[in-house]
Amino acid sequence: MPHPTARTARTARPADVLAVAALAAAVPVLTWYAVGDLSVQGTDLDHAYRAPELPAWADAGLVAAALLAAGLAAARLLRPAGLLRRDRRWWGVLLPAAATGLLAGWGVRVATAGVIGANIGAGLVLLVGVPLGGALLLWAVGRAGVLLRRPASTT
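First things first, this report covers the structure right here in the doc. (Residues numbered from 1 in each chain as written. Predicted model: local features only at pLDDT ≥ 70, side-chain atom pairs only at ≥ 80, totals over all residues. Heavy atoms only, no water.)

1. Let's talk about the packing of helix H2 (residues 14-35) against helix H3 (residues 56-78)
And step 1. Two numbers describe how H2 lies on H3: the axes approach to 8 Å, and their chain directions differ by 140°. One way to sum up the angle between H2 and H3 is to call them oblique. Classified by chirality, the crossing of H3 by H2 is left-handed. Across the interface between the two elements, Ala15, Asp16, Ala19, Val20, Ala22, Leu23, Ala26, Val29, Leu30, Trp32 and Tyr33 from H2 touch Asp59, Leu62, Val63, Ala66, Leu67, Ala69, Ala70, Ala73, Arg76 and Leu77 from H3.
And step 2. Grouping the amino acids of the contact of H2 with H3 by side-chain chemistry returns 18 nonpolar, no polar and three charged. (Axes fitted to C-alpha atoms, helices over the stretch in contact; angles between N-to-C directions. Helix = DSSP H or I, 4+ residues; strand = E, 2+ residues; numbered from the N terminus. Parallel < 35°, antiparallel > 145°, perpendicular 65-115°, else oblique. Left-handed = near helix turned anticlockwise from the far one by under 90°. Contact = heavy atoms within 4.5 Å. Nonpolar A, V, L, I, M, F, W, Y, C, P; charged D, E, K, R; others polar.)

Pasting the structure below:
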């Protein structure tokens, strides 16, 4: 018979859940930075949406904070006693959340790109990217809720 506390032990500690959330929040910023400006060359460009103009120091600060958050979260989650090694079911939360962040970071760059004429990419982001990202995010949040309620597997 398993030990009584083994049945009720939770796989995720609050710091683990915070690390998953921090990594999910850092991915869109890092993707946005990695993709870069997608505007075409020209002087009289049309924009579906205008990106907020931030000073260079603010851009650098956001990227540095996202890198730091992603690094600390990954170190917490992937260490030998980390959540993703203790309970592989949490990959089903992290991967859809990260995919949502990738989609969001890329989608913002596409939607805010300066183009000549219509920005068809912005429309595709709205028609395909937003529903897909919403579905992935709902899956991740729902799966996290299920995992937080279930005890750790004893097998």
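Having seen it, we continue.
2. Regarding the nonpolar core
And step 1. One finds Val20, Leu23, Leu77, Leu83, Trp90, Val93 and Leu94 to be the most contacted residues of the largest nonpolar core, which totals 18 residues.
And step 2. If you list the elements that add at least two residues to this core, you get H2, H3, helix H4 (83-86), helix H5 (91-111) and helix H6 (120-149).
And step 3. With sequence-adjacent residues up to four places away left out, leucine 77 is seen in contact with Asp16, Ala19, Val20, Leu23, Gly82, Leu83, Leu84, Arg85 and Leu94. (Core = buried A, V, L, I, M, F, W, Y, C linked by side-chain atoms within 4.5 Å. Buried < 20%, exposed > 50% of the residue type's maximum accessible area, 1.4 Å probe, protein only.)

3. Quick word on the packing of H2 against H5
And step 1. Orientation of H2 relative to H5, taken along the N-to-C sense of each, is 30°, at an axis distance of 7 Å. Between H2 and H5, the angle falls in the class roughly parallel. The two elements H2 and H5 meet at a crossing, and its hand is right-handed. Residue-level contacts link Val20, Leu23, Ala24, Val27, Pro28, Thr31, Trp32, Tyr33 and Val35 of H2 to Val93, Leu94, Ala97, Ala98, Gly101, Leu102, Ala104, Gly105, Trp106, Val108 and Arg109 of H5.
And step 2. The residue makeup of the contact of H2 with H5, split by class, is 16 nonpolar, three polar and one charged.

4. Remarks on the pattern of salt bridges
And step 1. This model, assessed by the stated rule, comprises three salt bridges.
And step 2. We note a salt bridge from arginine 76 to aspartate 16, for which the minimum N-O separation is 3.0 Å. Placement of arginine 76 in helix H3 and of aspartate 16 in helix H2 is noted, with a sequence separation of 60 residues between them.
And step 3. Between aspartate 16 and arginine 86 there is a salt bridge, with its nearest N and O atoms 2.8 Å apart. Of this pair, aspartate 16 sits in helix H2 while arginine 86 sits in helix H4, and the two are 70 residues apart along the sequence.
And step 4. When salt bridges that share partners are traced, they join Asp16, Arg76 and Arg86 into one network. (Salt bridge = Lys/Arg side-chain N within 4 Å of Asp/Glu carboxyl O.)

5. A word on H2
And step 1. Here H2 contains 22 residues, and its C-alpha end-to-end distance of 32 Å stays within 8% of the 32 Å for a straight helix at 1.5 Å per residue.
And step 2. Within H2 the residues assigned to the buried category are Asp16, Ala19, Val20, Leu23, Ala26, Val27 and Thr31.
And step 3. Each element contacted by the buried residues of H2 is listed here: H3, H4 and H5.
And step 4. Two residues or fewer past H2, glycine 36 is found with a positive phi of approximately 75°. (Expected span 1.5 Å × (residues − 1).)

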